[in-house]
Every structure is written in structure tokens, then in C-alpha cells.
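Here is what each chain is made of, one letter per residue.
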Amino acid sequence: MKKKVWIFVFLTILIFLPLISGEFFVNLASQVLIFAVFAASINLLLGYGGLATLGHASYLGVAAYCSALLSLKLGLAHWATAPLALAGTTAMAALFGLIALRASGLGFLMLTLALSQVLWGTAYRWVGLTDGDNGLRGLTRPAPFGINLDDARAFYWFTLAVCAVSIWLMARFVDSPFGAALKGARDQPRRMSALGYDVWLVRWITFVYAGFWGAVAGLLFVYYHKYIHPISLSLTNSAEGLLAVIAGGSGTLAGPIAGAAIVMVLKNYVSSYIERWNMLLGFVFVLIVVFMPEGVVPGAKRIYLRCRQRFTSRT
Amino acid sequence: MQAALHVQDLRKAFGGLPAANGVSLSVAPGERRLIIGPNGAGKTTLFNLITGDLVPDSGSIRLFGEEVSRLATHRRVHKGLARTFQIITLFPKDSLEHNIVLSLLGLSKARWNAFASMRDSAALYGDAQRILAVVGLEHLAKRPVAELAYGEKRRVEIAMALAQKPRVLLLDEPLAGLSREERGSVRQLIGAIPREVTVVMIEHDMDTALDMAERITVLHYGCVIVEGNRAEVVADPKTREVYLGH
């Protein structure tokens, strides 16, 4: 019940945020929400499946490129490009999962990295299709039910709605019997096999599901920027997502959201004041790992409980 | 009568070192079979081959007449094979009842449900309570496994295997590391396993194990060297030579 109250309060603040802040912060909040969906999808693999991936930007980038190319090359409308991009990217995740899940641990990490580098290289070099380093321009935002999303506030609320539904569906997923199997496979894969679970299949389904939500983040990403560049498929993008999950707290629902906020605020806000913002980002991660190795959300909870315990023992 | 478990000429080598060197054994339905042998005899390797944790180099494994040697571990479980582990393999952060629920879910189609809440699985939690009552741990159902004593964890291992409603149950040293009192309670628990379950057990506590078993197989360097009832095995000079030490 307490958790539901917190979620309600948090959502209310987010809904009313555009009414009390300027366009710059509304846009920054939109980027945080998009990155939160991306980080939450990585969290399905890392936090709940114990599968560290360095290739998740593939799904974000491919969905964004699919949507852009279908729109620019074939002239399709958003109502057609969005489901086609999602379906195509999810199918690609299914294929990549077949390859990457042949290994576990470092092998899995390297396979996801290798596959994403193939896509990144292709996006850079296939100039005829992707316009290479120039990226694809001239894209538009959709207008669901006639609502113009070119307005920063309207786009923010649209993103917030998609983000809320995404996080809710991911939360349902990990709280389900299947989610219990996934967490069991993370902790004791051999025992789970001995209990009758097909550990490989559990991981593969999760890989595909995470790929789907990575694709959703990709659509929001391309709608926001109205531009797509090969850097969206890069290792840096995957690593930032992974760091957001670790910094926020892997295996928690709020962790990736907090981690996404940390990364995006440092990247897009602090960077306008500090030239070497990458250094600051690194420093912040070092501090988090030293003082809250479990991540900001579980770490803050631990400190709060400790303080409360001290306070109650005094009184 | 068709054997519950039939192993024929099973072979497995690790880098040229044979761990199972043509093992053959046949266990009748409902039988209590004890596997003994000195350290390195290949007892746990044999269990791992039967469960599918290891792939045999050659040989066959039949469960109630059905060839299972090429099936994945989880598929063999769905054919009625369950096991416990020599080194306790539980989910220490989770509650006892959650451990049992995972065991119950493993054979249920509900394990694929990705959108129902675990909190809606009241029936499963009810069943878990009943199973925990069988092993005398229902009062600890909500406690994390990490907080349990070693002997209680052993009982949870057995409870998880029983929750799978197995036809053939493999117990890998269920009494290892237990105090005398704990051994008594686990022994009682194993003794109460219904007769329709075939039990194959590896155990080093000879006094207890020999009392519980109807037939005994002695392994040495991956080979079956003696097989028979208690009197036959104890009297056999090969057993005395390799295992009993006199």
C-alpha cells in the first residue's frame, strides 16, 4: 500500500512537472524518461536475469533507423512505421538471442558487444541507406489522435504515458511466475534445471522481451530527436545504459529510473557548465560504487532504514 | 517387471580419466537403492549423468523403459526424475515457502505466465505450506533460507524434491554434515517417502545408509564392483577391500 502511495505521488509530480518548469527542463525530463525505458529494458537482463549486455543499443538504434527509413524511403505513416519497427527489431532480438545465449558470463557480454558493433559499423558504412556519419534528417513526430507532439509539453506527456505503461508491464513481468523463474535462473541455474525449468528458454524469452522494450525506447528516441545517427547504436550508448542500471540499482524497478536521471542530467545539463563532464560522470560513478555498491535506490533505502532504526532506538 | 531406472554400460571420461567406466544397474520400482564407494569412485558423476547435468560418452539411461540419455535435464524432470544436491543448492535470500513454490511451479504450466502476479498464486503457497509441514518446517515458512540451520536446509532440499512428486528420487549424501539428532530427523523423513517413489541414495554414513537400503551398489573407479543386499555386499571381500578398509 505504502509503495502504491509513493508511486502515485511520484507520478503526480511527473504529470505536473511541465506546468512548473521551462521548456529546457521539460525536454530534459523527456530524455530522462526515454532513457529510463531503455535502462529498464537492460535491467530485465542484468538485474533479473544476471545477463550483463553491452549491445542493447542495437535495439534502440535499429528501431529508430527502421522507423526513419520506412518513413523517408517508403513514405509510410507513423501508424505503420511504429509497429513495423517494433516487430522487426523484436525479430532481430530473437535472432541475436539465439546467438548470444550460446554463451554465458563474459562470453555472452562479448557476443552482445560483437553483434552491436556489426550493426554500428553497418550504419556508418552503408552510406547509401543510412547516409553514414551525416545521419538521417527530416523526420517528424507522430500526432496520435490529432495531438501535435512538436510541442515540448505534449511530447513529454506522451513519453510519460509510454514510459509508465512500459515500466508497469516490465514490473508485471518480473513479478510473475515467469519472473520468479527468471530470478531463479539468475541465482541457481543448475537447481532451476533440476526443478524442471528450461533455463535457456527462460533467458531467451527475456532477451526478446528486453529487446522489444529497447525498441520502444528507440522509437521515442527518434521521435524526440527527429534525427538518427550511427552513434545511437554505439558501444557508448549501450555502456551508458548499463551504467545507469548499475548506478541506480540493478534488480529494482526504481533503480534504472534513478540511474537514467543521473546519466541524462550529467550528460545534458551539467555538461553545459562543465567542459569535462565525462570526468564528472566517472567521478559520480566511483562515488556510487564506493558508498552505495548496490546502487542509489537500494543504497538510499539502506541508509534511510539505518537512520530510522537509530532514531527509534534513541526515543 | 520393468525397471524404474535402468542404466546400461554408461561411460564418461574427463580428459582420459574415466569417471563412469561402463556402469550398469537396474533399480526396481519402489526400491531403496544405496550407491556407495570411496571418494572419487564416480558416484556423483553417475547421478549427474542420470539427471542430464553431464552428457555421457556412451551408454543408455532408461526411466520406466523410456530412453532419456539424450534429453535435457529439465525434460527428464518432467518424466518424473528429481534430485537433491551434495552441496546444498537453495535460494538463500528467498523464503522457505518461495523455494518450495519454485519447485511446485517447475512442473506447472503456470511457470510460463509472464503477466499474472506471484501474489495471485495462493493455491501454490497453500501447497508449499503443506509440504513444509511434512518436513516439519511450516513454522519457518516466511523466513529466508539463509537464516536456517544446516540440518533444516537439508530438509528443505528434500522437501523441494518431494514437491516435484517424483517417480525416481536421487538423494546425493542427504545426511552429510548433519549432527546425530539432525541425522535422525532426516532419516525419518527419507523413511517416510511413499513406496511409489523409487529412491536411489549416495551416502557415506554406512550404519544409517545400510539400514535404509534394500539393495546396494558399490562403485570403484567408475565401475560397479559389487551389487546385492546388505549381507551380500558386506560379506563380499571386494567391498571390504575398497571401502570398508579391512
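Residues numbered from 1 in each chain as written. Chains lettered and ligands numbered in written order. Predicted model: local features only at pLDDT ≥ 70, side-chain atom pairs only at ≥ 80, totals over all residues.

Student: Please set out the overall build of chain B residue by residue, giving values where relevant.
Tutor: Of the regular secondary structure elements, chain B holds nine helices and ten strands. In terms of overall dimensions, chain B is globule-like: its C-alpha atoms have a radius of gyration of 18 Å, near the 18 Å expected for 246 residues. When its C-alpha atoms are laid out on the principal axes, chain B stretches across 55 × 40 × 40 Å. When the 246 residues of chain B are sorted by exposure, 41% land in the buried category. For chain B, contacts bridging at least 24 residues in sequence account for 67% of all contacts bridging at least 6. (Helix = DSSP H or I, 4+ residues; strand = E, 2+ residues; numbered from the N terminus. Rg over C-alpha atoms; globule rule 2.2 N^0.38 Å. Buried ≥ 20, exposed ≤ 12 C-beta atoms within 10 Å, placed from the backbone. Contact = placed C-beta atoms within 7 Å.)

Student: Describe the confidence of the model for chain B, with residues and values.
Tutor: A residue-level look at chain B finds 98% of positions with pLDDT of 70 or above and a mean pLDDT of 91. Listed scores for the predicted complex are pTM 0.93 and ipTM 0.92. (pLDDT = per-residue confidence, 0-100.)

Student: If you had to explain the sheet that holds strand β7 (residues 168–172) of chain B to someone new, which residues and values would you point to?
Tutor: Residue and element names in this part refer to chain B. The sheet built from six strands is open, its strands ordered β6-β7-β8-β3-β9-β10 with mixed pairing. If you trace the sheet from one side to the other, it starts and ends with β6 (81–83) and β10 (223–228), each paired once. Strand-to-strand, the axes of this sheet are offset by a mean angle of 20°, without reference to chain direction. With three bridges connecting them, β6 and β7 associate as parallel partners. What sits directly across from Ala82, in β7, is Leu169. (Pairing = 2+ DSSP bridges. Axes fitted to C-alpha atoms, helices over the stretch in contact; angles between N-to-C directions.)

Student: Pulling in residues and values, what's your account of the environment of His6 of chain B?
Tutor: Residues and elements named next belong to chain B. Mapped onto the elements, His6 comes out in strand β1 (residues 5–14). The spacing of His6 and Ala28 is 22 residues in sequence and 8.6 Å in space, taken between C-alpha atoms. Non-local contacts of His6, meaning those with residues more than four positions away in its chain, are made with Ser26 and Arg62.

Student: Help me get a handle on the sheet that holds strand β5 (residues 66–67) of chain B, residues and values and all.
Tutor: Strand pairing within a sheet occurs via backbone hydrogen bonds; the two strands may be parallel or antiparallel. All names here are of chain B. The antiparallel open sheet is built from four strands, whose spatial order is β2-β1-β4-β5. In this open sheet, the two edge strands, each paired with only one partner strand, are β2 (17–27) and β5. Looking at chain direction, β1 and strand β4 (residues 58–63) are connected through five bridges and run antiparallel. In the strand pairing of β4, Arg11 is matched with Ser58. Contacts between helix α1 (residues 43–51) and the sheet are confined to β1, β2 and β4, with β2 contributing the most and set at about 65° to the helix.

Student: Let's hear about helix α1 (residues 2–20) of chain A: which residues, and what values?
Tutor: Residues and elements named next belong to chain A. Here α1 contains 19 residues, and its C-alpha end-to-end distance of 27 Å stays within 8% of the 27 Å for a straight helix at 1.5 Å per residue. The axis of α1 is deflected most strongly, by about 25°, at Leu14, and proline Pro18 appears within four residues downstream. Among the 19 residues of α1, one are classified as buried, and the element is accordingly described as predominantly exposed. (Expected span 1.5 Å × (residues − 1). Bend = angle between axes of the 7 residues up to and from the residue.)

Student: Which residues make up the domain arrangement of chain B, and what values go with them?
Tutor: All names here are of chain B. Here chain B is partitioned into domain 1 (1–80 + 166–246) and domain 2 (92–164). Just the C-alpha atoms count here: the centres of domain 1 and domain 2 sit 26 Å apart. Secondary-structure elements contributing two or more residues to the side of domain 1 that touches domain 2 are α2 (73–78) and α6 (180–191). A total of three residues in the side of domain 1 that touches domain 2 trace back to one element, the largest contributor, which is α6. For the side of domain 1 that touches domain 2, a count of residues per class yields seven nonpolar, three polar and one charged. (Domains from an automatic or database assignment. Nonpolar A, V, L, I, M, F, W, Y, C, P; charged D, E, K, R; others polar.)

Student: Please set out the pairing of β2 of chain B residue by residue, giving values where relevant.
Tutor: Here eight bridges tie β1 of chain B to β2 of chain B, and the two strands are oriented antiparallel to one another. Considered in β2 of chain B, the bridge of Phe14 of chain B is made with Leu17 of chain B.

Student: Tell me about the interface of chain B and chain A, and please be specific about residues and values.
Tutor: Between chain B and chain A, the contact holds 25 residues from the first and 19 residues from the second. Among the secondary structure elements, those contributing two or more residues to the side of chain B that touches chain A are α2 and α3 (96–105) of chain B. Ranked by the residues each element gives to the side of chain B that touches chain A, the list is headed by α2 of chain B, at four residues. A class-by-class count of the residues in the side of chain B that touches chain A yields eleven nonpolar, eleven polar and three charged.

Student: How would you explain helix α5 (residues 150–163) of chain B if you had to name every residue and give the values?
Tutor: Residue and element names in this part refer to chain B. Across its 14 residues, α5 extends 20 Å between first and last C-alpha, which sits within 8% of the 20 Å expected from 1.5 Å per residue. For α5, the tally of buried residues reaches ten of 14 residues, placing the bulk of the element in the interior. If you check which residues of α5 are buried, you get Arg154, Arg155, Val156, Glu157, Ile158, Ala159, Met160, Ala161, Leu162 and Ala163. Packed against the buried residues of α5 are β6, α3, α4 (122–134), β7 and α6. Phi turns positive, to about 45°, at Lys165, one or two residues after α5.

Student: Hey, could you go over the environment of Ser60 of chain B for me, with residue numbers and the actual values?
Tutor: Residues and elements named next belong to chain B. Considering the arrangement of structural elements, one finds Ser60 in strand β4. Ser60 sits in the partly exposed class, given 15 other C-beta atoms within 10 Å. Separated by 52 residues in the primary sequence, Ser60 and Gln8 place their C-alpha atoms 5.2 Å from one another. Once residues within four sequence positions are removed from consideration, Ser60 is found in contact with Gln8, Glu67 and Ser69.

Student: An account of the packing of helix α8 (residues 177–187) of chain A against helix α10 (residues 199–225) of chain A is needed here, citing residue identities and associated values.
Tutor: Residues and elements named next belong to chain A. For the pair α8 and α10, interaxial distance at closest approach is 10 Å and the crossing angle is 115°. Every pair of crossing elements has a handedness; the one defined by α8 and α10 is left-handed. When α8 is examined against α10, the residues Ala181, Leu182 and Ala185 are found in contact with a partner set consisting of Val199, Val202, Arg203 and Thr206. Its residues assigned to classes, the contact of α8 with α10 shows five nonpolar, one polar and one charged. (Left-handed = near helix turned anticlockwise from the far one by under 90°.)

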